[in-house]
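Summary of structural features
Listed below are the residues making up each chain.
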Amino acid sequence: MRSEVYYALLVFVGGCSYGVTSTIVKTAYRYGYTVNEVAGGQVVLGVLVLWMLTFLFCWKRLPLLTIGKLLIAGVPIGLTTIFYYSSLERVAASLGLVLLFQFVWIGVLLERIVQGKTISRQKAAAILFLLTGSALASGLTPDMLVSNWLGYALGLASAVTYATVLLVSGTVATDVPSVLKTAWMSIGACIVILLFLP
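Residues numbered from 1 in each chain as written. Predicted model: local features only at pLDDT ≥ 70, side-chain atom pairs only at ≥ 80, totals over all residues. Heavy atoms only, no water.

**Things to note about the overall build of the chain**
A count of helices and strands for the chain gives ten helices and zero strands. Relative to a compact globule of 198 residues, whose C-alpha radius of gyration would be 16 Å, the chain shows 18 Å and is just as compact. Each principal axis of the C-alpha distribution contributes one length, and for the chain these read about 55 × 45 × 25 Å. For the chain, the proportion of its 198 residues judged to be buried stands at 38%. Counting only carbon and sulfur atoms, one obtains 71% of the accessible surface of the chain, whose full area is about 11800 Å². Treating the 12 positive side-chain charges of the chain as one cloud and the 6 negative ones as another, the clouds have centres 9 Å apart. (Helix = DSSP H or I, 4+ residues; strand = E, 2+ residues; numbered from the N terminus. Rg over C-alpha atoms; globule rule 2.2 N^0.38 Å. Buried < 20%, exposed > 50% of the residue type's maximum accessible area, 1.4 Å probe, protein only. Areas by Shrake-Rupley, 256 points an atom, 1.4 Å probe, with all protein chains shown as cover. Lys, Arg positive; Asp, Glu negative; His and termini not counted. Charge placed at Lys NZ, Arg CZ, Asp CG, Glu CD.)

The following block contains the structure:
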């Protein structure tokens with residue numbers, strides 16, 4: 001039970017960090033930075049910091065196959081950044097976060113489809129609660145959906161790719177230390193972002 005609370009808190013802290021990120025990104029846009037500059041700058045800085053930590057604390061050689069899997073596992077991280085930051089160019093920071101947080105129920109569906117996990121009553125109730133809260137928090141009207149469909153579509157796409165990140169990171173190279181694993185995945189994310197947002 002204690003470990004479940006611990007991991008729930010980690011997810012909560014991760015979600016809060018995305019909330020802070022959306023505000024920072026929107027501020028950068030107001031100062032004239034583009035999505036390419038913001039996403040590219042963030043991912044390059046992230047790669048540098050993660051590899052510095054890796055070399056300081058947990059460097060070890062990995063088989064090429066494992067490295068390849070981790071690079072591929074980083075692709076949805078890069079796509080999440082691209083979709084989320086592109087959505088934030090078009091929608092309010094709070095709404096972008098609401099759209100991103102749809103990863104919760106999308107992740108449950110992915111687990112059902114990919115891993116065959118059953119959806120418990122508790123999860124179904126949580127999903128219903130989340131969807132109701134999202135509908136109330138978003139304040140969306142049909143006119144808003146039509147006029148800004150691309151912003152909303154990008155926000156939902158970021159939710160799908162983030163749910164994929166969580167699914168993949170929990171199944172790929174589970175024996176690799178988390179900092180080293182994240183460092184290799186960040187290179188995969190960096191490649192995707194710099195390819196699509198040069």
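**With respect to helix α5 (residues 93–100)**
The element α5 is extensively covered by neighbouring structure, given that six of its eight residues are classed as buried. Taken together, the buried positions of α5 are Ala93, Leu95, Gly96, Val98, Leu99 and Leu100.

**A closer look at unusual backbone geometry**
Unusually for a residue other than glycine, alanine 173 sits at a positive phi of about 50 degrees. Relative to the assigned elements, alanine 173 resides in the loop between α9 (149–169) and α10 (178–196). For alanine 173, a relative accessible area of 14% gives the class buried.

**Some thoughts on the environment of lysine 123**
Along the chain, lysine 123 falls in helix α7 (residues 121–138). It is 28 Å that separates the C-alpha atoms of lysine 123 and aspartate 175, two residues lying 52 residues apart in sequence.

**Some points on the environment of lysine 181**
Looking at the element boundaries, lysine 181 is found in helix α10. Remark: the alpha-carbon pair of lysine 181 and valine 38, spanning 143 residues in sequence, is separated by 24 Å. Each residue touching lysine 181, except ones within four places of it in the same chain, is listed here: Leu70, Ser169, Val172, Ala173, Thr174 and Val176. (Contact = heavy atoms within 4.5 Å.)

Distances and angles like these do not, on their own, reveal function.
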